[in-house]
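Reading the structure
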Amino acid sequence: MLHGWECGRGECIVPLPQPPCLILSSKDFQGLGSMLTWVTHCFPLFPTLLHHNCRSKAEMRHTCRGTINLATANITVEDSCNFIISNGGAQTYHLKASSEVERQRWVTALELAKARAVKMLAESDESDNEESVSQTDKTELQNTLRTLSSKVEDLSTCNDLIAKHGTALQRSLSELETLKLPAESNEKIKQVNERATLFRITSNAMINACRDFLMLAQTHSKKWQKSLQYERDQRIRLEETLEQLAKQHNHLERAFRGATVLPASAPRGGGSAKDECCPGKGDLSDEDDDNEFFDAPEIITMPESMGHKRTGSNISGASSDISLDEQYKHQPEDTKKEKRTRIPNKPNYSLNLWSIMKNCIGKELSKIPMPVNFNEPLSMLQRLTEDLEYHELLDRAAKCESSLEQLCYVAAFTVSSYSTTVFRTSKPFNPLLGETFELDRLEENGYRSLCEQVSHHPPAAAHHAHSRHGWTLRQEIKITSKFRGKYISIMPLGTIHCIFHSSGNHYTWKKVTTTVHNIIVGKLWIDQSGEIEIINHKTGDKCNLKFVPYSYFSRDVARKVTGEVTDPSGKVHFILLGTWDEKMDCFKVLPGSGENGAEGRQRAEESQVLLWKRNPLPKNAENMYYFSELALTLNAPESGTAPTDSRLRPDQRLMENGRWDEANAEKQRLEEKQRISRKKREAEAMKATEDGTPYDPYKALWFERKKDPVTKELAHVYRGGYWESKEKQDWSSCPDIF
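Residues numbered from 1 in each chain as written. Predicted model: local features only at pLDDT ≥ 70, side-chain atom pairs only at ≥ 80, totals over all residues. Heavy atoms only, no water.

Within the protein one finds 16 helices and 25 strands. Here the protein, with 738 residues, has 44% of them falling under the buried criterion. Taking contacts inside the protein between residues at least 6 apart in sequence as the whole, the part at least 24 apart equals 59%. Carbon and sulfur atoms provide 53% of the accessible area of the protein, an area that totals close to 39100 Å². (Helix = DSSP H or I, 4+ residues; strand = E, 2+ residues; numbered from the N terminus. Buried < 20%, exposed > 50% of the residue type's maximum accessible area, 1.4 Å probe, protein only. Contact = heavy atoms within 4.5 Å. Areas by Shrake-Rupley, 256 points an atom, 1.4 Å probe, with all protein chains shown as cover.)

Next up on the list: the state of the cysteines. Taken as a whole, this structure holds 0 disulfides when the rule is applied. The thiol sulfur of Cys543 is not disulfide-bonded, and the nearest other cysteine sulfur, from Cys408, lies at 6.9 Å. Given a relative accessible area of 0%, Cys543 falls into the buried group. Lacking any disulfide linkage, Cys586 is separated from the closest cysteine sulfur, that of Cys408, by 3.9 Å. (Disulfide = S-S within 2.5 Å.)

Moving on: the pattern of salt bridges. Under the criterion given, the structure shown has 30 salt bridges. Among the ionic pairs, Lys510 bridges to Glu713, the shortest N-O distance being 3.5 Å. On the criterion of sequence distance, the pair formed by Lys510 in the loop between strand S16 (506-509) and strand S17 (513-517) and Glu713 in the loop between strand S24 (703-707) and strand S25 (714-718) is long-range, its members being 203 residues apart. Looking at Lys510, the relative accessible area reads 42%, which means it is partly exposed. (Salt bridge = Lys/Arg side-chain N within 4 Å of Asp/Glu carboxyl O.)

Below, the discussion takes up the pairing of strand S5 (residues 74-77). With 4 bridges connecting them, S5 and strand S6 (residues 82-86) associate as antiparallel partners. Within the sheet, the bridge partner assigned to Val77 lies in S6 and is Phe83. Linking two consecutive strands that pair antiparallel, namely S5 and S6, is a turn of 4 residues. (Pairing = 2+ DSSP bridges.)

Between its first and last C-alpha, helix H15 (residues 660-691) extends 46 Å over 32 residues, near the 46 Å set by a 1.5 Å rise per residue. Those residues of H15 lying buried are Trp660, Ala663, Asn664, Glu666, Lys667, Leu670, Glu671, Gln674 and Ala688. In the core, the buried residues of H15 are packed alongside strand S9 (427-429), strand S11 (447-456) and helix H14 (650-656). At the C-terminal side of H15, Gly692 shows a positive phi close to 75°. (Expected span 1.5 Å × (residues − 1).)

Time to look at the environment of Thr508. Mapping Thr508 onto the fold places it in strand S16. Judged by relative accessible area, which is 6%, Thr508 ranks as buried. Along the backbone, Thr508 and Thr711 are 203 residues apart, and their C-alpha atoms lie at a distance of 8.5 Å. Here His537 takes part through its side chain, which lies 2.7 Å from a polar atom of the side chain of Thr508. (Polar contact = N/O pair within 3.5 Å; in protein donor to acceptor, adjacent residues only side chain to side chain.)

For the structure on display, the rule yields 12 aromatic pairs. Their ring planes at 85° and their centres at 5.0 Å tell us that Tyr722 and Trp723 sit as a pair that is edge-to-face. On the basis of relative accessibility, which here comes to 14%, the residue Trp723 falls in the buried class. Members of the aromatic cluster, joined through ring pairs, are Trp702, Tyr722, Trp723 and Trp731. (Phe/Tyr/Trp six-rings, centres within 6.5 Å; stacked < 30°, edge-to-face > 60°.)

For helix H11 (residues 403-416), with 14 residues, the first-to-last C-alpha span of 20 Å sits near the 20 Å given by 1.5 Å per residue. Counting buried residues in H11 gives 13 out of 14 residues, a clear majority hidden from the surface. Where H11 begins, one side-chain oxygen reaches toward the backbone nitrogen of Leu404, 3.3 Å away; that side chain belongs to Ser402.

A separate point is the side chain of Thr644. With respect to the helices and strands, Thr644 occurs in the loop between helix H13 (629-634) and H14. At a separation of 2.9 Å, a polar atom in the side chain of Thr644 contacts the side chain of Thr436. Excluding its chain neighbours within four sequence positions, the residues that come into contact with Thr644 are Gly434, Glu435, Thr436, Cys734, Pro735, Ile737 and Phe738.

What follows deals with the nonpolar core. One broad trend across soluble globular proteins is that nonpolar side chains are buried collectively. Counting residues in hydrophobic clusters, the biggest one holds 69 residues, and the most contacted among them are Leu473, Phe500, Trp509, Ile534, Leu545, Phe547 and Leu576. A per-element tally of this core places H11 first, with 9 residues. Listed in part, the 16 residues of the second largest apolar core include Leu45, Ile68, Leu70 and Ala113. (Core = buried A, V, L, I, M, F, W, Y, C linked by side-chain atoms within 4.5 Å.)

For Lys523, the position within the fold is in the loop between S17 and strand S18 (525-536). You can call Lys523 buried: its relative accessible area is 19%. Once the C-alpha coordinates of Lys523 and Thr425 are considered, the two residues, 98 residues apart in sequence, prove to be 10.0 Å apart.

With that out of the way, let us pick up unusual backbone geometry. Across the junction of His457 and Pro458, the peptide omega takes the value 0°, indicating a cis bond. Among the structural elements, Pro458 can be located in the loop between S11 and strand S12 (459-467). The residue Asn620 is not glycine, and still its phi comes out positive at about 65°. Along the chain, the position of Asn620 falls in the loop between strand S23 (609-613) and H13. Look at Lys712: it is not a glycine, yet its phi comes out positive at around 65°. Given the relative accessible area of 54%, Lys712 is considered exposed.

On to the side chain of Asn664. Here Asn664 lies in helix H15. Residues within four places of Asn664 in sequence aside, it is in contact with Pro371, Val372 and Asn373.

Looking now at the confidence of the model for the protein. Residues at a pLDDT of 70 or more form 72% of the protein, whose mean pLDDT is 75. Low pLDDT, under 50, characterises residues 129-133; the predicted model gives this stretch 6 contacts beyond four residues in sequence or across chains. (pLDDT = per-residue confidence, 0-100.)

Time to look at the environment of Tyr718. Structurally, Tyr718 is set in strand S25. Overall, Tyr718 belongs to the buried group, its relative accessible area being 18%. When the C-alpha positions of Tyr718 and His463 are compared, they lie 7.9 Å apart, and in sequence the two are 255 residues distant. Excluding residues that lie within four positions of it along the chain, Tyr718 makes contacts with Leu450, His464, Trp702, Phe703 and Trp723.

This is how it looks when you write it as structure tokens:
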């Protein structure tokens, strides 16, 4: 009688029936504790399979808990009564017989069944149809086998010759032994005879080994070829399945969007209206759990006047008595320059996503030739300029007398630059080398901004903004990105500088990592993660911001950002709480008089101040790439700009107008033109090196590379002259890149 035991590691360990198909049972074995207990199960042994917990083949569909194919099973004897059988994977059975004799009977029966299973498998391999093997592979295999067979025949012929000559040699040596020769000669003859015999034995062994090798190759070649072909077929089927899945998902997503976007006049239930670009939460019930939170645009684009508030973002737990209109409001824009409020709707073109993406895994994103279907009609220079959407935060910071309060507004400005990315899953155009973008809002908002692409490999852009309200912002950002199959990681490298003119406070910080999830299958969503340290190099004040990555299992607020503002001694003066897609609050930290500072914490909650809140998106934003009000104006044509300005880029303009096929062709033309220019510069540099003459590498037009006195880093800094050239309309120094 056999017993089995089950353990907490998940191995299924049960009693075994007597072969061939007799079911035995046993009493429970107590005494091994709560983790290991011998239990009774049914275990029939069919010709080549061992089933668990079924009494007959008829019961297999309903009660079978597992099957081990004995052809690949391992049978191990532990002691006189116990043995183990495993398939080398997830199924392992620990078995116990009532006696050593019974255990041996079981092991013998299992070994015989295993031998029978192995034989049946070999016969099946021999009889399998070889039509799936390609003709080229079969020809190559047959040629290899013929070559091996020919070599073995050559060796066999050599062996026959060796045997023939060896026999003659031994016969001659035997005749020499019969002659009357000195004793020393007889000894030498015997040694030679023995060596000849050993040589013949060795050559025979070599020939036999070669013949065995040939037979083994012939026996297993079909099996190897079948395995290889099976893997190839599996790969092809997987690619076809993923491609079909991507197509179906694309179709369903378009159908879903068309079904959930309501016309402007359609009333909403419950007496409250929502933004047109925001489908209701109930419309998203068919999304999977992993993406459900990020498929909730109403959280982001809901106008505050409609009464909707995101509960998760009310971090302080107490409502603020400070009115947003009183505390934080856009300066009224001058109406001298009319700003456009919409762009042509995004066309609904289908795209075979998998056919493009499957060859891009592991490559740097900037080096992958992408169609404009993945883009939005803005360049990376324009996206960089969008950091100034909430420039009022820096205007207010410039008026602060306290450097610690000023640091709070700088931190809020840093977070606000990510608010435009929540739905912006499309890729901006990679700027051409020498491409520029200006944003002149001196009359309306008091600042001017200029960006230039200063390097192409690696891609790097320099940015300089100057405000008459008392601040300067400059940065050089290098973009490093990787496509990992399921997501894209975008790592901006470079330091951002913000200098306030009146106080001389100089702040620096770096950007966090942006991740775009569900690239192949699923709804795209963006997350920001990492930490930012903002340093005031004049006073030593610091602010540490933490962007908490999204976790499906976390109960915390999604897209959460926390921060602390400290003085040079490390003492915390302000706490920052909020989300990078909605708002940031500030709490003043006061010394607590209660136990563990409880009273002081309560007074800090009462001191809540709203630093920043995201502006609502324009209506119909979902059809305009989810652009903000500022983004809608960035590519609007303007007169008097440099001929290298992004507004004049033809492929980008064609895409904005919905002519994507023409945009793709124009994009390829521009990229090829840039490659020719790069190769020309490389050839000139090589020629100068060979001739020993000096060669000046490419230099940016409006920025110069120098060592920063604060960070000690090499960076491109604005050298001046652009706005003077614009005033004179002298663009003679600009290259022809379009």
